[in-house]
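# Structural overview for review
Spelled out, the chains give:
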Amino acid sequence: MRQVFTLLAIALMIATTLQAQDGGRKIPAVEIKAMNGASFNTSSIQNDGNPIIISFWATWCSPCKRELNTIAEEYVDWQDETGVKLVAISIDDARNMHKVKPYVDGQSWEYDVYLDPNADFKRAMNVNNVPHTFLIDGDGNIVWQHNSYQPGDEHELYELVEKLAAGESIN
Amino acid sequence: MKQLKLLTSLFLFFLVAPQALFAQDEGGGVFDGLQIHGNFDVYGQQYNKDSIIGAPIVPEKSGINAFTNLIATKGKFTAGVRIESYIPPVQGFDVRYGNQPIGVPFRYARFAQDGLEVTAGNFYEQFGNGLILRAYEERALGIDNAFDGVRVKYSPYKGVYLKALVGNQRYYWQKSDGIVRAFDSEFQLNELITKLESSPLRVSLGGSIVSKFQAGGNSSLKLPENVTGGAGRFQLNWKDFGLMGEYAYKANDPTKSNHYIYKEGQGIFMSATYSRKGFGVNISAKSIDNMEFRSDREAGLNDLFINYLPALSRQHTYNLAATLYPYATQPNGEVGIQGDLIYKIKRGSKMGGKYGTTIQVNVSLINALNRDYYTNADMDTANALLDQQVYLEADPGRKGYKTNLLNLGDSVYYRDFNIEIDRKFTKHFKLKATYAFQEYNIALIQNKVSPNVVANIAVLEGLHTIGKKHSIRWEAQTLFTDQDQGDWIFGLVEYGYSPHWIVTILNQYNYGNKVEDLRVNYPTAQVTYIQNALRMSIGYGRQRAGIFCVGGVCRNVPAANGLTVAITSSF
């Protein structure tokens, strides 16, 4: 048991030490897929100097769908007010990845959606489980991240997007 | 002890290095632009005695699985390590993870420049849908068949993507005896051919070759040491339509699981979609025969798979529908078809209501692949004869049986018909109703002596939001069946206080069990705290024995009673 606690303590220390780093990090370059099967390199995610939300989700993840369906209702306003773009990364594997496009269109999502069927981008972004949301500032730096979703979280997310759009720092 | 020392120094390095390195604001040091990031994931359980629910007695009284990933990047270079520990493994995970309490089973270095990427050490990979090759990590299932070797990815022209790899696979704290060598090519015609750049028709083609080597061993049979497989695939998209197909083939590969037959394996997977705003449909079909492909012919369970055969059924999320009778792919042979539809009734319409209504329907049908045995016997007799490892007179080539991918069998493996209706009634209230009919071949999938389980499942889920921060979510579920453990009822209430707190209370009750003593309640309470990427939860209660699956690959979760703690974070 003592070993476990030591391990936990060390892990927490590393986390807090490194958390301060969120700021200078760019989106890693990983080859994933567009929904039509085309190759897509994640380093080309950009939004003309406006903020970007990257949201990892899956068709089998209820809170993920709750989050993205909630944001979908407000997305047009968010875009008008801040110029933000949401990039949704589905981590569905071969079992479900061919159902992603029908689901996205069926829900009338306007997001940019990409497929990460073997979790390569998920690993590069250090995502443990979905939903996991990142905020990218106008210079392409990862400035904030959040795990899990519960109703109301979208308000906090949008407040941060507004700050970024206004050129304020959120750290 | 040596390992522990190494680990401690590693930890200290990563702890001190960033501060030391980032303190250098100016000057062009070697560490300029070096970034270190990672995550950790700790899951622990404490076990009480609870014989009525069949909880195994755990002498250590606790189990813990912990993972820490650290990735360092600098320009074109990336290096990473994963430290894992199992002290001892959480119940339900393979005990072989406990052979070493802590270690570094995953480490790699990578260089990438101008379409070339070279990785030395550990890596994951997937060709196409994975029918012939997929190395992946599914931590929740305890699956990690990563390669340890070298991989090169190269894109010589626009639209041409090549991959080549060689390596051994991870086998808990060891490596496979078998060596895997593989090559994959993919051609994106719209990128490759300038004329097609803006064409509404998008075409991509791909092909792979995978070969494994394993020494022959001491068997009385003459076993092939090199086994080669391959796959070809296409994907077409035209306007709102999409069509995808992959065919995989494996040369004869006698293994313990196929009773050492010298028969080739085959598999096909096809999927067609049509979707536009508010409507989407997907129809897919799959047929596989003798397609279990592992880097060790003696391996069982989920060990050392080179390929991945996705299950053709819906991945349910509600507890009773997801964990009692979930389908698991039968790699030695199955035929399946699935239809999936989503339709959103417009908001503001009479049917759709003020906020719109979403309907989803899914139908999955999976049967056996029919086989004609050479021995004129039934399957069990034929397999028993083959297990004696002799060459039978009626089957001198030890082919085992004859079949083809269209040879649909009568035996029902799985049926699922389900419908889900989701409607937002007011700004603050949503309701979702689900019905599912399932038929499940429990004899085949769970090795239980029982006719197929026929279950009817109904779920109602409500979500109320109060102000901007508070929410209440509840679930009421029932499952009715005359087989196995009989009827179940499940209830859950969850209070959320955004963005930090979630409190969940749930109970499930096996009120319909034929054995009166087993009509047991499984109450659980859990509190979760979230702070950005950090998520911590602590729970107490009873955990029902069940099956946890991802992608048609499953793990048995044993019954448990006690405390659970989970902490994850990314940085």
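As the structure is a prediction and not an experimental result, all values here were calculated from the model.

So, on to the overall build of chain A. Regarding its fold elements, chain A presents five helices and seven strands. Listing each helix as α and each strand as β along chain A from the N terminus yields α-β-β-β-α-β-α-β-α-β-β-α. Here chain A, with 171 residues, has 53% of them falling under the buried criterion. Taking as baseline every contact in chain A between residues at least 6 positions apart, the subset at least 24 positions apart corresponds to 73%.

This brings us to the overall build of chain B. Each helix and strand in chain B was counted, giving five helices and 33 strands. For a compact globule of 571 residues, the expected C-alpha radius of gyration is about 25 Å, and chain B comes in at 26 Å, within 12% of that figure. When the backbone C-alpha atoms are referred to their principal axes, chain B occupies close to 75 × 65 × 65 Å. By the burial criterion, 39% of the 571 residues in chain B qualify as buried. Pairs at least 24 apart in sequence give 57% of the contacts found in chain B among residues at least 6 apart.

Further remarks concern the nonpolar core. The biggest cluster of nonpolar side chains holds 78 residues, and the ones touching the most others in it are Ile53, Trp57, Val87, Ile89, Leu135 and Ile136 of chain A. Residue contributions to this core peak at five residues, all from strand S3 (residues 52-57) of chain A. Aside from chain neighbours lying at most four places away, what touches Val87 of chain A is Ile45, Ile52, Ile53, Ile54, Tyr111, Asp112 and Tyr114 of chain A. Counting residues in each nonpolar core, the second largest holds 28 residues, with Leu324, Tyr414, Ala455 and Trp488 of chain B among its members.

The interface is formed by 74 residues belonging to chain B together with 53 residues belonging to chain A. By residue number, the principal contributor to the side of chain B that touches chain A is strand S1 (residues 35-46) of chain B, which donates eight residues. Looking at the side of chain B that touches chain A residue by residue, the classes come out as 28 nonpolar, 36 polar and 10 charged.

We now examine the confidence of the model for chain B. Residues and elements named next belong to chain B. On average, chain B scores 92 in pLDDT, and the residues at 70 or more come to 94%. A low-confidence stretch, residues 18-27 stays under pLDDT 50, and its non-local contacts, those more than four residues away or across chains, total nine contacts. The ipTM value of the predicted complex is 0.93, and its pTM value is 0.93.

Moving on, we come to the pairing of strand S1 (residues 31-34) of chain A. Residue and element names in this part refer to chain A. Alignment of S1 against strand S2 (residues 39-41), held across three bridges, turns out to be antiparallel. Within the sheet, the bridge partner assigned to Lys33 lies in S2 and is Ser39. The sheet contact formed by S1 and strand S5 (residues 112-115) spans two bridges and is antiparallel. Paired with Ala34 across the two strands is Tyr114, which belongs to S5.

Another aspect to go through is the sheet that holds S5 of chain A. All names here are of chain A. Spatially, the seven strands line up as an open sheet ordered S2-S1-S5-S4-S3-S6-S7, and their pairing is mixed. In this open sheet, the two edge strands, each paired with only one partner strand, are S2 and strand S7 (142-147). Along the sheet, successive strands turn relative to each other by an average axial angle of 30°, direction set aside. Bridge count between S3 and strand S4 (residues 85-90): six bridges; the pairing is parallel. Pairing of Ser55 across the sheet is with Ala88, part of S4. Lying on the sheet, helix H5 (residues 153-165) is in contact with S3, strand S6 (132-136) and S7; it crosses S6 at an angle near 15°.

Moving on: unusual backbone geometry. Residue and element names in this part refer to chain B. The amide bond that connects Ile87 to the next residue, Pro88, takes the cis arrangement and shows omega of -20°. Tracing the sequence through the fold places Pro88 in the loop between strand S3 (77-86) and strand S4 (102-113). That bond from Ser498 to Pro499 is cis: its omega, 0°, falls within 30 degrees of zero. Here Tyr260, not a glycine, exhibits a phi torsion of approximately 55°, which is positive. In this structure, Tyr260 sits in the loop between strand S16 (241-250) and strand S17 (265-276). A positive phi angle, near 55°, is found at Leu304, a position not held by glycine. Its 24 C-beta neighbours within 10 Å are what place Leu304 among the buried residues.

Further remarks concern the environment of Gln543 of chain B. Within the fold, Gln543 of chain B resides in strand S30 (residues 534-543). Setting aside anything within four residues of it in sequence, one finds Gln543 of chain B in contact with Val557, Ala559 and Ala560 of chain B.

So, about the packing of helix H2 (residues 62-82) of chain A against H5 of chain A. Packed helices, taken two at a time, are described by the angle between their axes plus the distance between the axes. Residues and elements named next belong to chain A. Taken N-terminus to C-terminus, the directions of H2 and H5 make an angle of 20°; their axes are 11 Å apart at the nearest point. For the element pair H2 / H5, the angle class is roughly parallel. Crossing hand, H2 versus H5: right-handed. Contact with H2, carried on its side by Glu67, Thr70, Ile71, Trp78 and Thr82, involves Glu154, Tyr158, Val161, Glu162 and Ala165 of H5 and no other residues of that element.

Time to look at the environment of Phe417 of chain B. Residue and element names in this part refer to chain B. Checked against the element boundaries, Phe417 lands in strand S23 (residues 408-426). Taking the C-alpha atoms as reference, Phe417 lies 20 Å from Asp484; in sequence the two are 67 residues apart. Beyond its immediate chain neighbours, meaning those up to four positions away, Phe417 contacts Val363 and Phe437.

A separate point is the pairing of strand S5 (residues 116-123) of chain B. Residues and elements named next belong to chain B. Taken together, the six bridges between S4 and S5 define a ladder with antiparallel strand orientation. Bridged to Phe111 within S5 is Val118. Adjacent in sequence and paired antiparallel, S4 and S5 are bridged by two residues, among which Asp114 carries a positive phi angle near 45°. Bridging between S5 and strand S10 (residues 147-154) involves eight bridges; their strand directions are antiparallel. Its bridge partner being in S10, Asn122 is matched across the sheet by Asp148.

Turning our eyes to something else, we now look at the environment of Asn319 of chain B. All names here are of chain B. In this structure, Asn319 sits in helix H3 (residues 319-323). Once the C-alpha coordinates of Asn319 and Ala231 are considered, the two residues, 88 residues apart in sequence, prove to be 36 Å apart. Ignoring sequence-local partners within four residues, the contact set of Asn319 consists of Gln477, Phe490 and Gln508.

Here we take up H5 of chain A. Residues and elements named next belong to chain A. Under the 1.5 Å per step criterion, the end-to-end length of H5 is 19 Å for 13 residues, consistent within 8% with the ideal 18 Å. Looking only at H5, the buried set comprises Asp153, Glu154, Leu157, Val161 and Leu164. Along the axis of H5, the buried residues cluster in a sector spanning 90°; they form a single face. Turning to H5, the residues buried within the fold contact S3, H2 and S6.

What counts as what
Residues numbered from 1 in each chain as written. Chains lettered and ligands numbered in written order. Predicted model: local features only at pLDDT ≥ 70, side-chain atom pairs only at ≥ 80, totals over all residues. Helix = DSSP H or I, 4+ residues; strand = E, 2+ residues; numbered from the N terminus. Buried ≥ 20, exposed ≤ 12 C-beta atoms within 10 Å, placed from the backbone. Contact = placed C-beta atoms within 7 Å. Rg over C-alpha atoms; globule rule 2.2 N^0.38 Å. Core = buried A, V, L, I, M, F, W, Y, C linked by C-beta atoms within 7 Å. Nonpolar A, V, L, I, M, F, W, Y, C, P; charged D, E, K, R; others polar. pLDDT = per-residue confidence, 0-100. Pairing = 2+ DSSP bridges. Axes fitted to C-alpha atoms, helices over the stretch in contact; angles between N-to-C directions. Parallel < 35°, antiparallel > 145°, perpendicular 65-115°, else oblique. Left-handed = near helix turned anticlockwise from the far one by under 90°. Expected span 1.5 Å × (residues − 1). Arc of directions from axis to C-beta.

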